[in-house]
Amino acid sequence: MRLLIHILVSPLFFLCSFSEPASQAVSQTNSQSTGQVKWRVQDIDPASAQKLLTENSNIEVLDVRTPGEFAEGHIEGALNVDFKAADFADKVAKLDKSKSYVLHCRSGNRSGKSLATLKDKGFGTIYHLNEGFNAWKASGMPTVR
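Everything numeric here is computed off the predicted structure, so don't read it as measured data.

Visitor: Please provide a residue-by-residue account of the environment of serine 111, values included.
Guide: Mapped onto the fold, serine 111 is located in helix α6 (residues 109-120). Taking the relative accessible area as the measure of exposure, serine 111 reaches 0% and is therefore buried. Counting along the chain gives 18 residues from serine 111 to leucine 129, while the straight-line C-alpha distance between them is 8.5 Å. Beyond its immediate sequence surroundings of up to four residues, serine 111 is in contact with Val64, Leu103, His104, Cys105 and His128.

Following this line, the structure appears as structure tokens:
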């Protein structure tokens, strides 16, 4: 009986050893940068993003859509760095890492993929806009061309 329990329980311990606790996935110290920057990602909806942008001048909007998509409409004051461009990582590395960013693309896919680059380049707090610019527009938030 003890052998049967051991056989059934051992794989669970093995699998659990590979999972990352949720708190580490959201907030970690980035030791690659010169200062100890806290890496933090928070998913937010359009209303929360609008509130953050209105209340905090140290938050920038980082739009990782293509220049064509950006030209069709974007959040006022947004910086456009194309995730699909070959020099994406180099351009992102030149941004002010002391600021926090509201990050988005069209639907959340490209911006989600760009998080690894932002973390690698030493960014701190990132607010990831759930469902991207599509959700922003659908919520009736203001856009500019």
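Past the structure itself, the notes keep going.
Visitor: Describe the side chain of histidine 104, naming the residues involved and giving the relevant values.
Guide: Positionally, histidine 104 belongs in strand β5 (residues 100-104). Since its relative accessible area comes to 0%, histidine 104 is described here as buried. Non-local contacts of histidine 104, meaning those with residues more than four positions away in its chain, are made with Val61, Leu62, Asp63, Val64, Arg65, Ile75, Ser111, Leu129, Gly132 and Phe133.

Visitor: Run through the side chain of serine 114, naming residues and quoting values.
Guide: Checked against the element boundaries, serine 114 lands in helix α6. In contact with serine 114, not counting residues within four places along its chain, are Val64, Phe83, Phe88 and Leu103.

Visitor: Give me the lowdown on the pattern of salt bridges, citing residues and values where you can.
Guide: The tally for this structure, following the rule as stated, stands at five salt bridges. The residue arginine 106 makes a salt bridge to glutamate 69 at a minimum N-O spacing of 3.7 Å. Taken as a pair, arginine 106 in the loop between β5 and α6 and glutamate 69 in helix α4 (residues 67-72) lie far apart in primary sequence, 37 residues in all. The buried category is assigned to glutamate 69, whose relative accessible area is 17%. One salt bridge in this structure joins lysine 91 and aspartate 87, with 3.6 Å as the shortest N-O distance. Ionic contacts of the salt-bridge type, sharing partners, join the residues Glu69, Arg106 and Arg110 into one network.

Visitor: Outline the pairing of strand β3 (residues 59-63), supporting the account with residue identities and numerical values.
Guide: Burial within β3 is extensive, with five of its five residues counted as buried. Where burial is concerned, the two faces of β3 agree: the one with Ile59, Val61 and Asp63 and the one with Glu60 and Leu62 are both buried. Taken together, the five bridges between β3 and β5 define a ladder with parallel strand orientation. Across the sheet, residue aspartate 63 finds its bridge partner in β5, namely histidine 104. Note that β3 and strand β4 (residues 79-80) share two bridges and pair parallel. In the sheet register, leucine 62 faces β4, and the bridge partner there is leucine 79.

Quick notes on the rules
- Residues numbered from 1 in each chain as written.
- Predicted model: local features only at pLDDT ≥ 70, side-chain atom pairs only at ≥ 80, totals over all residues.
- Heavy atoms only, no water.
- Helix = DSSP H or I, 4+ residues; strand = E, 2+ residues; numbered from the N terminus.
- Buried < 20%, exposed > 50% of the residue type's maximum accessible area, 1.4 Å probe, protein only.
- Contact = heavy atoms within 4.5 Å.
- Salt bridge = Lys/Arg side-chain N within 4 Å of Asp/Glu carboxyl O.
- Pairing = 2+ DSSP bridges.

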